[in-house]
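# Examining the three-dimensional arrangement
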Amino acid sequence: MARLDLDGKEIAPLTICLIGGAGFIGSHLCELLMAHTHHSAIVIDVSSDKITHLLEKSCSWSNRIEFHKINIKNDSRLETLIKSSDLTINLAAICTPADYNTRPLDTIYSNFLDAIPVVKYCTESNKRLIHFSTCEVYGKTIGSFLPADHSLRQDPDFYILKEDVSPCIFGAVEKQRWSYACAKQMIERLIYAEGAEHGLKFTIVRPFNWIGPRMDFIPGIDGPTEGVPRVLACFSNNLLRGEPLKLVDGGKSQRTFCYIKDAIEAVLLMIENPERANGQIFNVGNPNNEVTMRQLAELMIEVYGKISVGSSDLTTVDVSSKDFYGVGYDDSDKRIPDMTIINRQLGWNPKTPLQDLLEVTLTYQHQTYSQSIKKALSNPTY
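These remarks concern the structure in this document. Not measured: the values here are computed from a predicted model.

Moving on: the state of the cysteines. Evaluation of the coordinates by the stated rule reveals 0 disulfides. Of the cysteine sulfurs around C59, a residue in no disulfide, the closest is that of C30, at 12 Å. The exposure class assigned to C59 is buried, which follows from its relative accessible area of 15%.

The next subject is empty space enclosed by the protein. Applying the stated criterion across every chain yields a total of 1 cavity of 30 Å³ or more. Space inside the largest cavity adds up to approximately 40 Å³. Surrounding the largest cavity, D5, D7, K9, N273, P274, E275 and R276 form its lining. Of the residues in the lining of the largest cavity, the class split is 1 nonpolar, 1 polar and 5 charged.

A word on the pairing of strand β5 (residues 128-132). Among the 5 residues of β5, 5 are classified as buried, and the element is accordingly described as predominantly covered. Relative to β5, strand β4 (residues 87-90) is paired through 4 bridges, and the arrangement is parallel. Across the sheet, residue T88 finds its bridge partner in β5, namely L129. Here β5 runs beside strand β7 (residues 202-207); their pairing, made up of 4 bridges, is parallel. Directly across from F132, in β7, lies its bridge partner V205.

This next bit is on the layout of surface pockets. Approximately 940 Å³ is the volume found for the second largest pocket. Along its surface, the second largest pocket is lined by 44 residues, and V248, S253, M293, Y329 and D331 are the ones closest to its centre. The dominant element in the lining of the second largest pocket, judged by the number of residues it contributes, is helix α7 (residues 231-241), at 6 residues. Taken together, the residues of the lining of the second largest pocket sort by class into 16 nonpolar, 12 polar and 16 charged.

Further remarks concern the pattern of salt bridges. Tallied over the full model, the rule gives 16 salt bridges. In this structure, K9 engages E275 in a salt bridge whose closest nitrogen and oxygen atoms are separated by 3.3 Å. In this pair, K9 sits in the segment before β1 (15-19) while E275 sits in helix α9 (residues 274-277), placing the two residues 266 residues apart along the sequence. Exposure remark for K9: the relative accessible area of 41% places this residue in the partly exposed category. You can call E275 exposed: its relative accessible area is 63%. Each of the salt bridges in this network shares a partner with another, and the network as a whole consists of E31, R214 and K261.

What follows deals with the environment of S332. Within the secondary structure, S332 sits in the loop between α11 (321-325) and β15 (336-337). When its relative accessible area of 1% is taken as the criterion, S332 is described as buried. A sequence separation of 48 residues divides S332 from V284, and the C-alpha atoms of the two residues are 18 Å apart. Setting aside residues up to four positions removed in sequence, S332 forms contacts with G139, K140, W178, S253 and R255.

So, about the packing of α7 against helix α10 (residues 293-307). Running from N to C, α7 and α10 cross one another at 40°; their axes reach a closest spacing of 11 Å. If you check the angle between α7 and α10, you find them oblique. Here α7 runs over α10; the crossing is right-handed. Mapping the contact onto sequence places V231, L232, F235, S236, L239 and L240 in α7 and M293, L296, A297, M300, I301 and Y304 in α10. In terms of residue class, the contact of α7 with α10 is built from 11 nonpolar, 1 polar and no charged.

Residue position: T37 is located in the loop between α1 (24-36) and β2 (40-45). On the accessibility criterion, T37 (4% relative accessible area) is buried. Engagement of the side chain of T37 in a polar contact is seen with the backbone oxygen of L33, the distance being 2.6 Å. At a separation of 3.1 Å, a polar atom in the side chain of T37 contacts the main-chain amide nitrogen of H39. When near neighbours in sequence (up to four residues on either side) are disregarded, T37 contacts R3, L32, R64, L268 and E272.

Calculation notes
Residues numbered from 1 in each chain as written. Predicted model: local features only at pLDDT ≥ 70, side-chain atom pairs only at ≥ 80, totals over all residues. Heavy atoms only, no water. Disulfide = S-S within 2.5 Å. Buried < 20%, exposed > 50% of the residue type's maximum accessible area, 1.4 Å probe, protein only. 1 Å grid on protein atoms, 1.4 Å probe; cavity = no way out; pocket = protein on both sides within 12 Å on 5 of 7 lines; lining within 4 Å. Points joined across faces, edges and corners; volume = space filled by probe spheres on them. Nonpolar A, V, L, I, M, F, W, Y, C, P; charged D, E, K, R; others polar. Helix = DSSP H or I, 4+ residues; strand = E, 2+ residues; numbered from the N terminus. Pairing = 2+ DSSP bridges. Salt bridge = Lys/Arg side-chain N within 4 Å of Asp/Glu carboxyl O. Contact = heavy atoms within 4.5 Å. Axes fitted to C-alpha atoms, helices over the stretch in contact; angles between N-to-C directions. Parallel < 35°, antiparallel > 145°, perpendicular 65-115°, else oblique. Left-handed = near helix turned anticlockwise from the far one by under 90°. Polar contact = N/O pair within 3.5 Å; in protein donor to acceptor, adjacent residues only side chain to side chain.

Have a look at this one:
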């Protein structure tokens, strides 16, 4: 049976170039594309570890997916692959918070300069671009600058983040934590300008803390060896090792979390409904799953206690942001997405409650960690 878009039109098969497509988000998107559509995927990344199960010759879709080990910084094949595709999705980024302080130049180059050729090739060849940005482009909320007891801090107009209204408020230049957000905002502005001046067909995605199986969480095994990962991965590592969960500056910051399976359904709607998605910036998150970092830690301890025997004595400990991330760290107070635009354009709403997605994620991580320990014990190094 033919697949239809939201306006009842038949969806033609596309060739999609996925840059950074073998990572956490890309692996789930590839699974969805292979199992439920007739689209083809050209996957570009520096490693195929998270999609090896999709590249087996025995898979029924083996003729619809190919992997190219490419570092987009210096490989001439990138232009050819983009121009041979109908659509490019750019997922490539450095997005580890500790790197924003310790590797600000790499962070800026990766998220801004390295993305410029991708935008250029799409514009020149009249190809669609779906670019992954971040909710961090919003920076701090307006409400965060008001006194703690000010009544307007509770007014949604001062903290709900809207794609077409909310200002982007960053800290001082010496707070290098904002190098990531600034780089992402600049590439957004470049893409928007290419659309306005040269007709680039684009969609910008602003993810709000997507989590689920295969997100990086074990340093050196399922993620980078160096650096401090995002909050849920940090907490996961502490849980797996039986260590206290570290709450930065008391764990007062508030975040929302969205299940990866929900999120990629939104991306598929963008892929298959270009008339509704072109020229749009979409928040993709779950405002119903809002918690402080302290509440998140406590909930993860509770959930993990049901998954792992002998984890009932887990606790939390407060640490300063300076000790945890280093000098120059700064943070936003809240990141709660307004969902008006994506609901209006694509009819999408997230479904999975926070406790459910934590159970799925932590079960996967516990199993993966246990397997890595068994493997290490069976193959000792001396």
